[in-house]
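A look at the structure
Residue-level listing of the chains:
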Amino acid sequence: MAERPGRVPVLIGIAVALAVVVVVLGAYTRLVDAGLGCPDWPGCYGMILVPETADEIARAEAAFPDTPVEAAKAWPEMIHRYAAAGLGLVILVLLVLAIKDGLPWRLPAGIAALVILQGAFGAWTVTLKLWPQVVTAHLLGGFATLALLWLWGLSLRRPSWQVDPSLASLAVATLVVVVIQVALGGWLTANYAALACPDFPTCHGAWIPDMDFAAGFDVFQDVGPNYLGGLMSSDARVAIHFVHRLGAVAVLLVAGALAIRLGRTPLGWSLGAVLVVQLALGIANVVFALPLAVAVLHNAGAALLLLVVISVTHSVHRSTGGQ
């Protein structure tokens, strides 16, 4: 493989780090109920910064009389927006450099388009008052941006690991299961169902609790007035939570099998370690009633698990002769 221009891989590394920060900040913002900390977009009460002086607060509340200023919630939302804007700028610079340096441009162009779409979803998250469909899509877009940046960085590196080509199907299956579980996690958090089952391993003392799957997974629901806190019934939220637990079992079985097959290799150890930690964090969320630090780490763990699985899948692809 020919040497690649050094500045692009370095910038990709910076973009990946920024994408992780954006994903974690997004999780933190949701978990502290700050998704509507600013009632408008892209500013906050029509300002670049969060209004804090008496005069700024008076003007802000005059312009938005139905949403009193809560700086403690507005700042997480705005810091998340600043980080996302910084990530978008780095990605646009990367696209320009890729074209200038004669590197393949379709992947960076796709990432740039995705970031622009993410900006739109960020605006809709506010204007549609945390509509679960938009919140989930916005979360998935953040994970997809991170994943594609990671994949781009891997494609510019010399092959680091050789993986048995016979693991191709298992690696792809693991990737599919992890992506589905991330989507289920997004739907769970968008509908405030993280504590719908307050006990573990049972749910409300039952192995199969009362559930309303039709309501829990109604992705065609109309836009409501405000989804802060969620609008679903208890049985609907239990259905979401229960399916997310089943997804965790599927991830454990499939990703665990892949980790075992990878053996005592860097990728095998990494996948096994991240899988165990992520499952422990998920259980801790229930047992300790969703501590903020644990919940944020659980989101970060999902991102890390996805990146490890992408690394395995990419290595298998290269081992089978792909580029």
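Worth saying up front: this structure is predicted, and the values here are computed from it rather than measured.

A few points about unusual backbone geometry
- Cis geometry is found at the peptide bond from Trp41 to Pro42, where omega equals 5°.
- By the element assignment, Pro42 lies in the loop between helix H1 (7-31) and helix H2 (54-63).
- With an omega of 10°, the peptide bond between Phe200 and Pro201 qualifies as cis.
- Checked against the element boundaries, Pro201 lands in the loop between helix H6 (168-190) and helix H7 (213-216).
- One non-glycine residue, Leu130, lies in positive phi territory at about 65°.
- Take Leu130: it is sitting in the loop between helix H4 (106-127) and helix H5 (132-155).

Quick word on the packing of aromatic side chains
- Using the criterion set out here, one finds 2 aromatic pairs in the structure.
- Considering the side-chain rings of Tyr45 and Phe64, the 5.6 Å spacing of their centres and the 90° angle between planes classify their relative orientation as edge-to-face. Here Tyr45 is found in the loop between H1 and H2, whereas its partner Phe64 is found in the loop between H2 and helix H3 (71-100), with 19 residues between them in sequence.
- Judged by its relative accessible area of 23%, Phe64 falls in the partly exposed class.

Some words on the pattern of salt bridges
- On inspection of all chains with the given rule, the structure shows 3 salt bridges.
- Across the pair Asp101 and Arg7 runs a salt bridge whose closest N-O atoms are separated by 2.7 Å. Residue Asp101 is located in the loop between H3 and H4, and its partner Arg7 is located in helix H1; the two are separated by 94 residues in the primary sequence.
- For Asp101, a relative accessible area of 25% translates into the label partly exposed.
- Taking relative accessible area as the criterion, Arg7 reaches 40% and is therefore assigned partly exposed.
- Of the charged contacts, one joins Glu77 and Arg81 as a salt bridge, the two residues approaching to 2.9 Å between their closest N and O atoms. In this pair, Glu77 and Arg81 both sit in helix H3, 4 residues apart, roughly one turn of the helix. Like Glu77, the residue Arg81 is buried in the burial classification.

Conventions and cut-offs
- Once a new chain begins, its residue numbering starts again from 1 and follows that chain's sequence as written.
- This being a predicted model, a pLDDT of at least 70 is required before a residue's local features are given, and a value of 80 or more before pairs of side-chain atoms are given or counted; all residues contribute to the totals for chains, interfaces and linings.
- Excluding hydrogens and water, the side-chain figures rest on all heavy atoms present in the structure.
- Numbered from the N terminus, helices here are DSSP runs of H or I no shorter than four residues, and strands are runs of E no shorter than two.
- Think of it this way: a Phe, Tyr or Trp ring, Trp meaning its six-membered ring, pairs with another when their centres are within 6.5 Å, and the plane angle makes it stacked under 30 degrees, edge-to-face over 60, tilted otherwise.
- Relative accessible area decides the class of each residue, using a 1.4 Å probe on protein chains only: under 20% of the type maximum gives buried, over 50% gives exposed, and in between gives partly exposed.
- We define a salt bridge as a contact between a side-chain nitrogen of Lys or Arg and a carboxyl oxygen of Asp or Glu at a distance within 4 Å.

Purely spatial values, then, with no claim about function.
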